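What the coordinates show
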Amino acid sequence: MSQGASDGRGLDRSLPQATGEVHFPSVPGGDHLLPVEAGPPDSEEGWLGTGGELPAQAEPAVQKHLESLQSSCGKGLETGRLQRLTNLLLVEGLTDIQQKEHDILQIEATKGLQNVSKSIPLEKLFLPLSKVSIPPRISVTIGVAGIGKSTLVKLFVYTWAKGEINKDITFVLPLTFRELNTHEKLSAEQLICSAFPHITEPSCILAGAARTLLILDGLDKFKTPLDFSNAVVCTDPRKEIQVDNLVTNIIRGNLLWEASVWVTSRPAAASQIPGGLVDRMTEIRGFGAAEMKDFLDQVFLDNRDLSSQVLHYIRANRSLCAMCTIPGFCCISGSSIGYYLTTSTHNSQETTTSPRTLSEVYSYYFKMALSSDWPEKPQETLRIEQVVTNSKKVVGSLGKLAFYGLLRRKHVFYEQDMKAYDVDLSMLQSSLCSRLLLKEEVQSFTAYYFSHLTMQEFLAALYYYTAAKRALFDLFTESSVSWPKLGFLSHFRSALQRSLQAEDRHLDIFVRFLSGLLSPQVNKLLSGWLVVKDEHNSFRSQAISFLQSCLNSNYVISSRVVNIMHCLYEIQHTEIAKTVEEAMKNESLSGMLTPVNCSALAYLLQVSDVCVEETNLSNCLTYNICKSLLSQLLFCHNLRLDNNQFKDNVMELLGSVLSAKDCQIQKLSLAENQISNKGAKALARSLMVNRSLIALDLRSNSIGPTGAKALADALKKNQVLLSLNLQHNAIKEDGASFLAEALLSNHRLVTLHLQKNAIGAHGCRKVAEVLKQNCSLKELILSSNSVGDNGSVALAEALKVNHTLQILDLQSNSISNSGVTALTAALCSNKGLTSLNLRENSISKEGGPAIACALRTNSTLRKMDLAANLLCDKGGKAIALAIAENQALTSLHLQWNFIQASAATALAQALRSNDSLASLDLQENAIGDQGTAALAAALDVNTRLQQLHLQVASIGAAGAQALAEALMVNKSLQILDLRGNSVGVAGAKALANALKANRSLCRLNLQENSLGMDGAICIATALRGNHGLTYVNLQGNCVGQSGAKMISDAIQTNAPDCVVDV
């Protein structure tokens, strides 16, 4: 490359001067602010040229470095399948569960879903987030085991080496902690030269003359914990120090201070790095639905039908589906399920059970491996006899390695480790070992690690299960110097107790597998291969008793207790969980939540399908029970806690949940409790920091004006909440004023329910004034607030300029003609409102023309509710004339308005030309047979109306006969409600004949219509030829119990899909 040419990495530009150790304050997003002043560089020899330029002699080494990385990182990398890794999630530090819990427990608790976070493209990972920041120096990317951290590193390095991204970086130096494990001491200079021997003069990197990115992949694989508190400070790049000290000094900026550093790690291990040193933290997201499908298509490349079956099976199992968002686990599970589906089809005579538990999934995987019966072609084929002979030896030696590695939190092994645990390296060439253990060969070392963390844990459990049957001493003490432990159950108890005592929960999945090995299904799968047939029978019942004894005797539920429930599930003892789950389905948990059942409930909150759409814990919780379940409630997306008599102290608890980083609650209902302003304040404080909650329902509590003020203050800062329901909370005028003020600055809230709060006209005017400026609120419920005409006039003025509000509910507000005149005048120019509820007010016949005027000009209103007013025939006729012209309204409620036949006839005439109205409610209006006949005639030509409500409308046989004739030809009406009329036997016979021809009607209500036995039988018999009706109500027609049964049986025989109430 000529000196004047550029490769896009800044080799032709003046390089920035190196600086001393400078600490910059952080800004939101994790970047440093630009420094005001930087110190001078230290002098270095080697490749540093004058003026800070990279000399020409360095260019061949750079080019060789690029070629080396392209070669090493491009092997086996299918970039087209890695789209998921091109966008990472920006996160603000580690959550509690990430720091404390096992990876699998994290996935189970969060159901495989990450918190809503901003994403950052891979190519911008090391760029500033804003114009006033500089690139992050220390970046950490976290991800659970098997999610693709090392693959991400390879993808980045390969893409960079080809010159496609981050051309401003001159050197990318990818290192793994597996490699660092082979060294005791290193200097910063040796670190570079030993890993990249073609970089013979690293001085430009050490001095910061060339922008460098140092990648340290897999912190969780490092043999020595990082100790930032006691690490020896070193600023000399040529001084040899302990490798862990070298890493801490690089991260602190004492060494390679100008280099950017990128660390990847499992979440718990990443907590070793102090948060104050991390400039940017990102997280790798798991599979989405489409990505999981594509991945399984690759696993079953030659059998797409099998891939689809496996995907369907995974999606049907909630827990398994969450786990399969992780590629490493998805591969193991998909292969196991594929093997089960294939063998169950081929061996139809052999009874097989589908894999449901974690242990069963891995047992199928092992059986597949031992049979050399893989989804794809094996690298070598061994006869089954040879596999049986060698399998116990392989599992024994690898299991011992896995078990003692797990105890030491060691997941990478080297040749000296293999020799120490008598692992025959020649065995590692078998197809079985190739599926369990991966091998990494580099010039300076050879490393081995299990294909997934769970594979190490399952092998460890297999080893412990086998060894515990004959061991005389505690297997957790390698030296065998311990008190004697005789018998399998003694060792089982020891393992469980160790798991319960482990602070970092690293033995939880191990004891799940150990419990699973005692299940009948796993014994059946592995007997003859790795276990003795039926040997579990002598241990299982006592193991179950011991597990149950570990469940709490008090209301303290921890993830340890939840793991015990997982162990019981693995061992196939599910009675406790099934009892509680059934109660959840029936909403009958009240009074049965003992401490043991609470443990089961905490477990079910993670795994049960009952909680998928909504977690309903209403009318069953106390303060203590709620407190015990807090860690599980964190991850319930839609949580109902209504009618639990909760007081303010519970709100303090829930406030702490909502304030947690882990919180994933999106909808929270606390209706009908005993929350006062103090509890509202606790919730308000949490809303200041919460980033997940979008709907909060506090109806029917007692928060008062003070509580409303606290929530209003929170709304000024919270930009996440979309819906707030404060119905029936006595917030009064002052509370409404506080909320109105909040709406001036809040641009996120969409729905606000304030019904039954006595806000009055003054409070309504405050809200109306804000509506002139607020453009986010779409639904406002103000019913039963005595807003009167004055409040209505204020709202009308707001509607003239506000075109974003879509739903306005003013039911039962003492609004008369003057108020409705103002509102309807505003509708003439309003372009946003779609629903207006004026039910139960005082609108008389004089208000009809004003409403009609609005309906003639407005083209956005879809629903108008005028029920329980005083419109009479005059007002009804005026509205009918407007309906004939209106082509926007879809629903009109005129119930109980003293409308009679003449207004009904006018409405019928309008229906002949109207093409938008889908629902008309005229119930409790005495329209009689004459009005009904007019409506029926309109149905002959109307093809839009779907619902007609004519309850208690003084309809007799003649009206029913007219409707029946219309049903013979009408093909649009789906719901006809004639409840509380007097159609009699004659009307029933006419309707029955119509039903034989009609195919559109879905619901028919003939309750309390004097049908008698004959009329009811007519309807029941008619259904034999009807294929559209799904519901019919014949209650209150004097048929008696025996007649009701006969009619019900007849309908079930004639129309089995039709629901009948009789």
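So, on to the overall build of the chain. Secondary structure assignment for the chain yields 42 helices and 31 strands. Based on the C-alpha atoms only, the size of the chain along its principal axes is roughly 100 × 75 × 55 Å. Per-residue burial over the chain gives 58% buried out of 1062 residues. Pairs at least 24 apart in sequence give 80% of the contacts found in the chain among residues at least 6 apart. In the structure as shown, the chain presents an accessible area of about 42,700 Å², 50% of it carried by carbon and sulfur atoms. In the chain, which carries 96 positive and 98 negative side-chain charges, the distance between the mean positions of the two groups comes to 3 Å.

What follows is about the nonpolar core. Counting 303 residues, the largest nonpolar core has F156, F366 and F510 as its most contacted members. For this core, the element with the most residues is helix α18 (residues 453–468), which contributes eleven residues. The contacts of F510, once residues within four sequence positions are left out, are F403, L406, E457, A460, A461, Y464, F476 and A495. One finds L175, I199, L216 and I273 within the second-largest nonpolar core, a separate group that totals 45 residues.

Time to look at the pattern of salt bridges. The full count for this structure, using the stated rule, is 31 salt bridges. With a shortest N-O distance of 3.6 Å, D713 and K716 are connected by a salt bridge. Remark: K716 and D713 occur in helix α30 (residues 704–717); sequence separation between them is three residues, near one turn of the helix. On the basis of relative accessible area, K716 is assigned to the partly exposed category, the value being 31%. Here E741 and K716 are joined by a salt bridge, their closest N and O atoms 3.3 Å apart.

Quick look at the side chain of D648 now. Structurally, D648 can be placed in helix α28 (residues 648–659). K678 provides the closest opposite charge to the buried, salt-bridge-free D648, at an N-O distance of 6.0 Å. Apart from the residues within four sequence positions on either side, D648 is in contact with Q674, I675, S676, K678 and G679.

On to unusual backbone geometry, then. Even without being glycine, H728 reaches a positive phi, approximately 55°. Among the secondary structure elements, H728 is positioned in the loop between β19 (723–725) and α31 (732–745). The backbone phi angle of S954 is positive, close to 60°, even though this residue is not glycine. Structurally, S954 is set in the loop between β27 (947–949) and α39 (957–969).

Residues with a pLDDT of 70 or more make up 90% of the chain, whose mean pLDDT is 88. In this model, residues 1–52 is a region of pLDDT below 50 whose contacts with residues beyond four sequence positions or in other chains number 115 contacts. Under a pLDDT of 50 for its full length, residues 373–382 has, in the predicted model, 21 contacts with residues more than four places off or in other chains.

Pairing is antiparallel in the open sheet, where three strands are placed in the order β12-β14-β13. This sheet does not close on itself; its edge strands, each paired only once, are β12 (413–414) and β13 (437–442). Across two bridges, the pairing between β12 and strand β14 (residues 445–450) is antiparallel. Looking at the pairing, F413 lines up with Y448 of β14.

Relative to the helices and strands, Q98 resides in helix α2 (residues 96–100). Classification of Q98 as buried rests on a relative accessible area of 7%. In sequence terms Q98 and V144 are 46 residues apart; their C-alpha atoms lie 9.1 Å from each other. Setting aside chain neighbours within four positions, we find Q98 in contact with G93, Q106, I142, P267, A268, E283 and D662. Side-chain polar atoms of Q98 contact the side chain of E283, separated by 3.4 Å.

It is worth spelling out the packing of aromatic side chains at this point. The tally for this structure, following the rule as stated, stands at 27 aromatic pairs. Their ring planes at 45° and their centres at 6.2 Å tell us that F329 and Y362 sit as a pair that is tilted. Taken as a pair, F329 in helix α13 (residues 327–346) and Y362 in helix α14 (residues 358–370) lie far apart in primary sequence, 33 residues in all. With centroids separated by 5.9 Å and ring planes inclined at 85°, the aromatic side chains of F413 and F450 adopt a geometry described as edge-to-face. Of this pair, F413 sits in strand β12 while F450 sits in strand β14, and the two are 37 residues apart along the sequence. Put simply, the rings of F403, Y404, Y421, Y463, Y464, F476 and F510 touch in pairs and so form one group of aromatic residues. When the ring centre of F738 is taken as origin, the NZ or CZ atom of K709, which lies over that ring, is 5.8 Å away.

Taken residue by residue, helix α22 (residues 537–549) has F539, A543, I544, F546 and L547 as its buried positions. Considered in projection along α22, the buried side chains sweep an arc of 165° and stay on one side of the axis. Where α22 is buried, its residues contact α19 (488–501), α20 (508–516) and α23 (559–570).

Another aspect to go through is the sheet that holds strand β3 (residues 119–121). Two pairing modes exist for strands in a sheet, parallel and antiparallel, and in both the strands are linked by backbone hydrogen bonds. As summarised here, the arrangement of the seven strands in space is β3-β2-β11-β5-β10-β8-β6, forming an open sheet in which the pairing is mixed. Here the strands that pair on one side only, and so sit at the sheet edges, are β3 and β6 (171–176). If you compare each strand with its neighbour and ignore which way they point, the axes differ by 25° on average. Here strand β5 (residues 138–142) pairs with strand β10 (residues 260–265) via five bridges, running parallel. Bridge pairing in β10 links T141 to T264.

Below, the discussion takes up the state of the cysteines. Overall, the coordinates contain zero disulfides when judged by the stated rule. With no disulfide of its own, C567 lies closest to C550 among cysteine sulfurs, the gap being 9.0 Å. No disulfide involves C620; its nearest neighbouring cysteine sulfur is the one of C598, lying 8.8 Å away.

Now for the pairing of β6. A large share of β6 lies buried, amounting to six of its six residues. Here β6 shows two buried faces, one formed by F171, L173 and L175 and the other by V172, P174 and T176. Alignment of β6 against strand β8 (residues 212–217), held across six bridges, turns out to be parallel. Residue pairing for β8: L175 is matched across the bridge by L216.

Once that is clear, we can look at the packing of α31 against helix α32 (residues 760–771). Between α31 and α32, the least distance of the axes is 8 Å, while the angle of their chain directions is 5°. Taken together, the axes of α31 and α32 lie roughly parallel to each other. Across the interface between the two elements, E733, A736, S737, A740, E741, L743 and L744 from α31 touch H762, G763, K766, V767 and V770 from α32. Taken together, the residues of the contact of α31 with α32 break down into six nonpolar, three polar and three charged.

For the rest of this paragraph, the subject is the pairing of β13. Look at any regular strand and the pattern is simple: side chains alternate between the two faces of the sheet. Across six bridges, β13 lies against β14 in antiparallel orientation. Paired with V442 across the two strands is F445, which belongs to β14. From the end of β13 to the start of β14, which pair antiparallel, there are two residues.

Moving on: α14. For α14, with 13 residues, the first-to-last C-alpha span of 18 Å sits near the 18 Å given by 1.5 Å per residue. Taken across its 13 residues, α14 has 13 buried, putting it largely inside the fold.

Where helix α38 (residues 928–939) meets α39, the closest approach of the two axes is 8 Å, and the angle between their N-to-C directions is 0°. Between α38 and α39, the interaxial angle falls into the category roughly parallel. In this structure, α38 uses D929, T932, A933, A936 and L939 to contact α39, whose residues at the interface are A958, G959, A962, L963 and A966. Looking at the contact of α38 with α39 residue by residue, the class counts come to seven nonpolar, two polar and one charged.

A separate point is the environment of F458. With respect to the helices and strands, F458 occurs in helix α18. Expressed as a C-alpha distance, the spacing of F458 and F510, which sit 52 residues apart in the sequence, is 6.5 Å.

So, on to the side chain of S336. Tracing the backbone shows S336 in helix α13. Dropping the residues within four chain positions of it, S336 is found in contact with V361, Y364 and Y365.

This paragraph deals with a nonpolar patch on the surface. Together, L472, F473 and L486 line one region of the surface with nonpolar side chains, adding up to about 310 Å² of accessible area. With respect to the secondary-structure elements, L486 resides in the loop between α18 and α19. With relative accessibility at 62%, the residue L486 sits in the exposed group.

Conventions and cut-offs
Going along each chain's sequence as written, the residues are numbered from 1 onward. Under the rules for a predicted model, residues below a pLDDT of 70 receive no local features and side-chain atom pairs below 80 are neither given nor counted, while totals for whole chains, interfaces and linings still include all residues. In computing side-chain properties, one takes all heavy atoms of the structure into account and sets aside hydrogens as well as water. Only runs of H or I of at least four residues qualify as helices and only runs of E of at least two qualify as strands under DSSP, and these elements are numbered from the N terminus. A 1.4 Å probe rolled over the protein chains alone gives each residue an accessible area, and that area as a share of the maximum for its type sets the label: buried under 20%, exposed over 50%, partly exposed in between. Contact definition: two residues touch when any of their heavy atoms are within 4.5 Å. Per-residue accessibility takes into account occlusion by the displayed protein chains alone, with areas from the Shrake-Rupley method and a 1.4 Å probe. His residues and chain termini do not enter the charge count, which takes Lys and Arg as positive and Asp and Glu as negative. Every charge is mapped onto a representative atom, which is NZ of Lys, CZ of Arg, CG of Asp or CD of Glu. Nine residue types can take part in a nonpolar core, namely buried Ala, Val, Leu, Ile, Met, Phe, Trp, Tyr and Cys, and a core is a set of them joined through side-chain atoms within 4.5 Å. The term salt bridge refers to a side-chain nitrogen of Lys or Arg lying within 4 Å of a carboxyl oxygen of Asp or Glu. Each residue carries a pLDDT score, the predictor's confidence in it, ranging from 0 to 100. Each pair of strands is called paired provided DSSP finds at least two bridges between the two strands. Counted as a polar contact is a pair of N or O atoms within 3.5 Å, where, for protein atoms, one must be capable of donating a hydrogen and the other of accepting one, and residues adjacent in sequence contribute only when both atoms are in side chains. In this scheme Phe, Tyr and Trp rings, the latter by its six-membered ring, pair at centre separations within 6.5 Å, and the angle between planes marks the pair as stacked below 30 degrees, edge-to-face above 60, and tilted otherwise. Counting as a charge over the ring demands two things of the Lys NZ or Arg CZ atom: a distance within 6 Å of the ring centre and an angle within 35 degrees of the ring normal. By arc we mean the arc of the directions from the helix axis to the C-beta atoms, nothing more. Working convention: axes come from line fits to C-alpha atoms, limited for helices to the stretch in contact. Angles between N-to-C directions cover 0 to 180 degrees. Cysteine sulfur atoms that pair up within 2.5 Å are treated as a disulfide. Here the angle decides the label: under 35 degrees means roughly parallel, over 145 means roughly antiparallel, 65 to 115 means roughly perpendicular, and every other value means oblique. Residue polarity is assigned by list, with Asp, Glu, Lys and Arg as charged and Ala, Val, Leu, Ile, Met, Phe, Trp, Tyr, Cys and Pro as nonpolar; anything else, Gly included, falls into the polar class. What a helix should span is 1.5 Å times the count of its residues minus one. Patch membership requires over 30% relative accessible area and the absence of a salt bridge. Like charges are linked within 9 Å, and nonpolar side chains (Val, Leu, Ile, Met, Phe, Trp, Tyr) within 5 Å.

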